[in-house]
Amino acid sequence: MDMNEIKEIFFQECEEQLAELESGLLKLNDGDRDPETVNAVFRAVHSIKGGAGAFGLDDLVSFAHVFETTLDCVRSNRLEPNQDVLKVMLKSADVLADLTNAARDGGSVDAARSRQLIKELEALANGELPQAAVAEPVAKPAPVAAPTPAPVVNEEGFQPVAFSFDDFETNEPLAIEPSTFEILFRPKSELYAKGNDATLLLRDLSRLGEMSIHCDMDELPALASMNPEAAYFAWKISLKTDKGEEAIRSVFEFAEWDCELDVMLAGGDHAGAGEELPMQPVPFDLSMLDEEVPASPGAAEDDDQVAAQQREARDDAVSAAATASNVLQMAQTARASAESNRSAASASAAQAAAQQAASAATPTIRVDLDRVDRLINLVGELVINQAMLSQSVIENDTNGTSSINMGLEELQQLTREIQDSVMAIRAQPVKPVFQRMSRIVREIADMTGKSVRLVTEGENTEVDKTVIDKLAEPLTHMIRNAVDHGLETPEKRVAAGKNPEGTVRLTAKHRSGRIVIELADDGAGINREKVRQKAIDNDLIAADANLSDEEIDNLIFHAGFSTADKISDISGRGVGMDVVKRSIQALGGRINISSKPGHGSVFTMSLPLTLAVLDGMVVTVANQTLVVPLTAIVETLQPEASAIHSFGASQRLISIRNSFCPLVDVGRILNFRAIQANPVEGVALLVESEGGGQRALMVDAIQGQRQVVIKSLEANYTHVPGIAAATILGDGRVALILDVDAIVAASRGQSLKPEMLLAAAG
Amino acid sequence: MTYAAKNLTTGGRELIAFRVGGQEFCVNVMSVREIRGWTPATAMPHAPSYMLGVINLRGAVLPIIDFSARLGMKPAEPTVRHVIIVAQVKSQVVGLLVDAVSDILTVADADIQPTPDIASDFERSFARGVLAIEGRMICLVELDQVFPHEEREAA
């Protein structure tokens, strides 16, 4: 594994941490005060900082550090995570994400923005309120009268420490006077294994004050018996600083669990001792000693008590436990503090344990997406092949009980199971996309000076990864439009008697084998008069064209259409909604808009769960074989002549259990035949469409039910209205998959080719 | 003159000649992926009349265009003797139904005569020139123009 691979893994983890961070912050924003949520947020930033430090990503580290400090104030209940605070934090999370991306892909970030946020974060960490805080960092250090450390820090230009430690000082009465600490730092091999470096830690430590270091090399064995990856050195440090013990410990925070660390006030007092001293009689674990301190046979007696006493302990196993509390004072304190770090700082330790437990419960692996895709393609071909095989066996072998047939049936089941499992690999919750949207809402709201709340629902709805990936772009466009065009300014909202804060609601749910994503805003709705005028100005429609409200609403999906008075950065370049519509259609989906003037607009997108397979009913229409998605079909029935009623000139209704349902001749709608077929000779498929209405689709015959692999028509041809996609049947021929909703919409009088109609009208 | 630019290195170009309704046409060999026999196509709804439908080309959906009908001549009545030229047009792969493939020609750019200006706009739109080979007249076809891009963009 080279460095780049490790770095790539770090960035992948960063992405997860950033998602965790954002969802945590959003939870806090919604009033969640669970300490575990705060901890999760803190942990996320902490991990990013840790990893970034290992890779020398200084910008990232310095920002994460300030962020973390502020979060720590929240964690320790020194800072109330109210709306204002969270606003800053959410922005910081965005900047952190930007910095991470910049670190990965190169490029630059808005330095002014991150500097501004660092200031805001520092202010939060120092003061209690965002507004009051601005002056404080300047005011505070003066009474403390710290002679050396603070300026030194700044001169070296070391940003992580450039923020003030005032928050520690206010809570650390011990540290007001410069005092001398005796620090024992004994790294374990794990510390080095994790990429930390004792030198760097010591260097950081030296920035806290005047320091003298004594390196204890007594553990170092003879060269022959030395394990090159083991840790042998320990350091005794005497540090004179006005920072508290906490500041010292924070230097070691990434190394905390991988070293023995003892911080004592000079004179033997255990600094911050209260909780830790009672921890001393922790049973002394000899096996631990044996493991972690390598035998050093040739080492002479030394001036360092620790090593000597440890050796003593090993010699006399029986008395070790009994004498632990007095004889092995030093060694034990080290152990005890390590122990107490684990148990007394219970929150973080418990989380770590919980995290470990969770990851132990469901081990996961990272797999290259290409590999999964290849597998899915292969399984797709397998399904086609299996269908072709079945068909040829049926054609050649009329004996239905032969072993070949039984084997085939099992093969069919297996193929299906393989396919389901493979598809499950790709199924992912839509959450990451939704989370990205909350950032976009924040940014747009900032730019437009509007106050917006994004409410998301059903973010755990699972859908194929490809669908998720392709969803982000159209959704971004739509969110931008909703905030920029949809919502009014706060003043206008108040004037209209609405809450000044606009709401954008993003919902995902499964509905009859598809995923339906709804984006609703409570803004002004579509200004139909304006849209109409614009369409006339742009020659999209004739000035005297008679359009229904629905048709006018749908004009916004037309290419080159934008009603924004002034072209803004955010939207209004007229490439928005038609791009959205096209990308949704390319996914085999549909998009609808319904708008109520004064109450807002709702965009409804319906997308397939997977882009690979579909359960379908194979039917014949005018000698053509078509596939109707099974999910759309409610029931099938053989109409009787008495159930068919003519309605007007060309419409026919079918009575089903005393209710009347419009009859739609699929062959006629698709232009496969010129005259309507006789319903009695065919089969009616009762379908339910997105709009909610039921329709009876007339087909000539049902051939059977089959799982089909979806093939794109757009790849080599073009989108065909009324047709969702194509597939390849067992006989090797292409069959078209019906787009039931489009057919139903067409039967409602809307043309199958709305765009062409418009072009003709213009 | 992108064609000329492409073929500067070889000094000439290879063309595949085919017959449709008694006339001869040719296309650049580089755009032809394969030549295969006719298989029944699945009709597409709302398609132009020259669009015969789609066939399965080893798992991909391939639209088939009746070249004769596309040129406004008599629509073909496909039989097993008909041939489909599978061609790459921009990013898409499409099939061209023709009566037969007749020849592979290597010609120099100088041999290509400009399209006579008596031709109607329609023919001029896809004809890139004419060739005189052994007393026959072969029309060089620009495939980009044969496939209905305009409609694709409008939809």
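No experiment lies behind these values; they were computed from the predicted model shown. (Residues numbered from 1 in each chain as written. Chains lettered and ligands numbered in written order. Predicted model: local features only at pLDDT ≥ 70, side-chain atom pairs only at ≥ 80, totals over all residues. Heavy atoms only, no water.)

Caption draft 1: Representation of the overall build of chain B in the model. For chain B, the helix and strand inventory stands at five helices and ten strands. When contacts within chain B are restricted to residue pairs at least 6 apart in sequence, those whose partners lie at least 24 apart make up 54%. (Helix = DSSP H or I, 4+ residues; strand = E, 2+ residues; numbered from the N terminus. Contact = heavy atoms within 4.5 Å.)

Caption draft 2: Here's a closer look at the interface of chain A and chain B. Taken residue by residue, the interface counts 27 residues in chain A and 24 residues in chain B. In total, about 2100 Å² of surface goes out of reach between chain A and chain B, with carbon and sulfur atoms giving 60% of it. Summed over the three residues of chain A that lose the most area to chain B, namely Asn716(A), Tyr717(A) and Val734(A), the buried surface amounts to 34% of that side. Linking chain A with chain B are zero salt bridges. Where chain A packs against chain B, one counts eight residue pairs in polar contact (both at pLDDT 80 or more). Listing elements by their share of the side of chain A that touches chain B, those giving two or more residues are β21 (723–728), β22 (734–738) and α28 (754–761) of chain A. Each residue belonging to the side of chain A that touches chain B can be placed in one class, and the counts come to 16 nonpolar, six polar and five charged. (Buried area = accessible area lost by both parts, 1.4 Å probe. Salt bridge = Lys/Arg side-chain N within 4 Å of Asp/Glu carboxyl O. Polar contact = N/O pair within 3.5 Å; in protein donor to acceptor, adjacent residues only side chain to side chain. Nonpolar A, V, L, I, M, F, W, Y, C, P; charged D, E, K, R; others polar.)

Caption draft 3: The sheet that holds strand β8 (residues 502–511) of chain A, seen in detail. Residues and elements named next belong to chain A. Strand order in the open sheet formed by five strands is β6-β8-β9-β11-β10, with mixed pairing between adjacent strands. Of all the strands in the sheet, the pair left with one neighbour each is β6 (452–457) and β10 (590–596). For this sheet, the mean inter-axis angle between neighbouring strands, taken without regard to orientation, is 15 degrees. Taken together, the seven bridges between strand β9 (residues 514–521) and strand β11 (residues 600–608) define a ladder with antiparallel strand orientation. When the bridges of β11 are listed, isoleucine 517 appears paired with methionine 605. Along the sheet face, helix α21 (residues 465–486) touches β6, β8, β9, β10 and β11 and points at about 20 degrees away from the line of β9. (Pairing = 2+ DSSP bridges. Axes fitted to C-alpha atoms, helices over the stretch in contact; angles between N-to-C directions.)

Caption draft 4: Inspection of the packing of helix α18 (residues 369–396) of chain A against helix α19 (residues 403–426) of chain A at higher detail. All names here are of chain A. Viewed as axis vectors pointing N to C, α18 and α19 meet at an angle of 160 degrees, and their least axial separation amounts to 10 Å. The orientation of α18 relative to α19 falls into the category roughly antiparallel. With respect to the hand of their crossing, α18 and α19 are arranged in left-handed fashion. Along the contact surface, α18 presents Leu369, Val372, Asp373, Leu375, Ile376, Val379, Leu382, Val383, Gln386, Leu389, Ser390 and Val393, while α19 presents Ile404, Asn405, Leu408, Leu411, Gln412, Thr415, Ile418, Gln419, Val422, Met423, Ile425 and Arg426. Taken together, the residues of the contact of α18 with α19 break down into 16 nonpolar, six polar and two charged. (Parallel < 35°, antiparallel > 145°, perpendicular 65-115°, else oblique. Left-handed = near helix turned anticlockwise from the far one by under 90°.)

Caption draft 5: The arrangement of the pattern of salt bridges in detail. Tallying each qualifying case throughout the model produces 27 salt bridges over all chains. A salt bridge links Glu501(A) to Arg453(A), with the nearest nitrogen and oxygen atoms 3.6 Å apart. You can see Glu501(A) sitting in the loop between α22 (490–495) and β8 and its partner Arg453(A) sitting in strand β6, a full 48 residues away along the chain. Residue Arg13(B) pairs with Asp109(B) through a salt bridge whose shortest N-O separation is 2.9 Å. With Arg13(B) in strand β1 (residues 13–20) and Asp109(B) in the loop between β8 (100–107) and α3 (121–126), this pair connects stretches of sequence that are 96 residues apart. By relative accessible area, Arg13(B) is classed as buried at 6%. Salt bridges linked by common partners bring Glu22(A), Asp94(A), Asp98(A), Arg439(A), Arg442(A) and Glu443(A) together as one network. (Buried < 20%, exposed > 50% of the residue type's maximum accessible area, 1.4 Å probe, protein only.)

Caption draft 6: Broad picture of the packing of aromatic side chains. Counted by the stated rule, this structure contains eight aromatic pairs over all chains. For the pair Phe10(A) and Phe11(A), a centre-to-centre distance of 5.1 Å together with 50 degrees between the ring planes defines the contact as tilted. Overall, the relative accessible area of 6% leaves Phe10(A) in the buried class. Pairing Phe18(B) with Phe67(B) gives two aromatic rings, centres 5.4 Å apart and planes at 80 degrees, and the pair type is edge-to-face. (Phe/Tyr/Trp six-rings, centres within 6.5 Å; stacked < 30°, edge-to-face > 60°.)

Caption draft 7: The confidence of the model for chain B, seen in detail. Residues and elements named next belong to chain B. Taken over all residues, the pLDDT of chain B has a mean of 81, while the share at 70 or more is 86%. The low-confidence segment residues 1–9, where pLDDT is below 50, has seven contacts with residues more than four positions distant or belonging to other chains. Across residues 150–155, confidence stays below pLDDT 50; counting only partners more than four residues off in sequence or on other chains, it has nine contacts. This prediction of the complex comes with two scores: 0.47 for pTM and 0.81 for ipTM. (pLDDT = per-residue confidence, 0-100.)

Caption draft 8: Just the sheet that holds strand β20 (residues 701–709) of chain A, in detail. All names here are of chain A. The strand order across the open sheet formed by five strands is β20-β12-β13-β22-β21, and the pairing between neighbours is mixed. Of all strands in the sheet, those bounded by a partner on one side alone are β20 and β21. Strand-to-strand twist across the sheet, computed as the mean angle between neighbouring axes with direction ignored, equals 35 degrees. Note that strand β13 (residues 624–629) and β22 share two bridges and pair parallel. The residue of β22 that forms the bridge with valine 627 is isoleucine 737.

Caption draft 9: Fine view of the pairing of strand β12 (residues 613–621) of chain A. Residue and element names in this part refer to chain A. The buried count for β12 comes to eight of nine residues, which makes it a mostly enclosed element. Bridging between β12 and β20 involves eight bridges; their strand directions are antiparallel. When the bridges of β20 are listed, leucine 614 appears paired with valine 708. Counted between consecutive antiparallel strands, the loop separating β12 from β13 contains two residues, among which alanine 622 sits at a positive phi close to 50 degrees.

Caption draft 10: Highlighting the side chain of His65(A). Here His65(A) is to be found in helix α3 (residues 58–75). His65(A) sits in the buried class, given a relative accessible area of 14%.

Caption draft 11: Spatial organisation of a nonpolar patch on the surface. Judged by side-chain polarity, Met217(A), Leu220(A), Leu223(A) and Met226(A) come together as a nonpolar surface patch covering roughly 380 Å² of accessible area. Looking at the secondary structure, you find Leu223(A) in the loop between β2 (210–216) and β3 (234–241). (Patch = residues over 30% accessible without salt bridge, like charges linked within 9 Å, V, L, I, M, F, W, Y side chains within 5 Å. Areas by Shrake-Rupley, 256 points an atom, 1.4 Å probe, with all protein chains shown as cover.)

Caption draft 12: Molecular detail of the nonpolar core. Counting residues in hydrophobic clusters, the biggest one holds 69 residues, and the most contacted among them are Phe67(B) and Leu96(B). Sort the elements by how many residues they give to this core and α18(A) lands first, with five residues. Each of domain 3 (369–427) and domain 5 (613–761) of chain A contributes no fewer than three residues to this core. With sequence-adjacent residues up to four places away left out, Phe67(B) is seen in contact with Phe18(B), Val20(B), Phe25(B), Leu96(B), Leu97(B), Val98(B), Val141(B) and Val146(B). Within the second largest apolar cluster, 47 residues are counted, among which are Val467(A), Val580(A), Phe603(A) and Leu607(A). (Core = buried A, V, L, I, M, F, W, Y, C linked by side-chain atoms within 4.5 Å. Domains from an automatic or database assignment.)

Caption draft 13: Highlighting the environment of Ile654(A). All names here are of chain A. Locating isoleucine 654 in the fold gives a position in strand β16 (residues 651–656). C-alpha of isoleucine 654 to C-alpha of alanine 696: the two residues are 42 residues apart in sequence and 7.6 Å apart in space. Other than its neighbours up to four places away in sequence, isoleucine 654 contacts Leu637, Pro639, Ala643, Ile644, Ser659, Phe660, Cys661, Leu663, Ala684 and Ala696.

Caption draft 14: Structural detail: the packing of α3(A) against helix α5 (residues 111–126) of chain A. Residues and elements named next belong to chain A. At their nearest, the axes of α3 and α5 sit 9 Å apart, and the two run at 25 degrees to each other. Judged by the angle between their axes, α3 and α5 are roughly parallel. At the point where α3 passes α5, the crossing takes the left-handed sense. Between α3 and α5, the residues in contact are Phe63, Val66, Phe67, Thr70 and Cys73 and Ser114, Leu117, Ile118, Leu121, Glu122, Leu124 and Ala125, respectively. Of the residues assigned to the contact of α3 with α5, the class counts are nine nonpolar, two polar and one charged.

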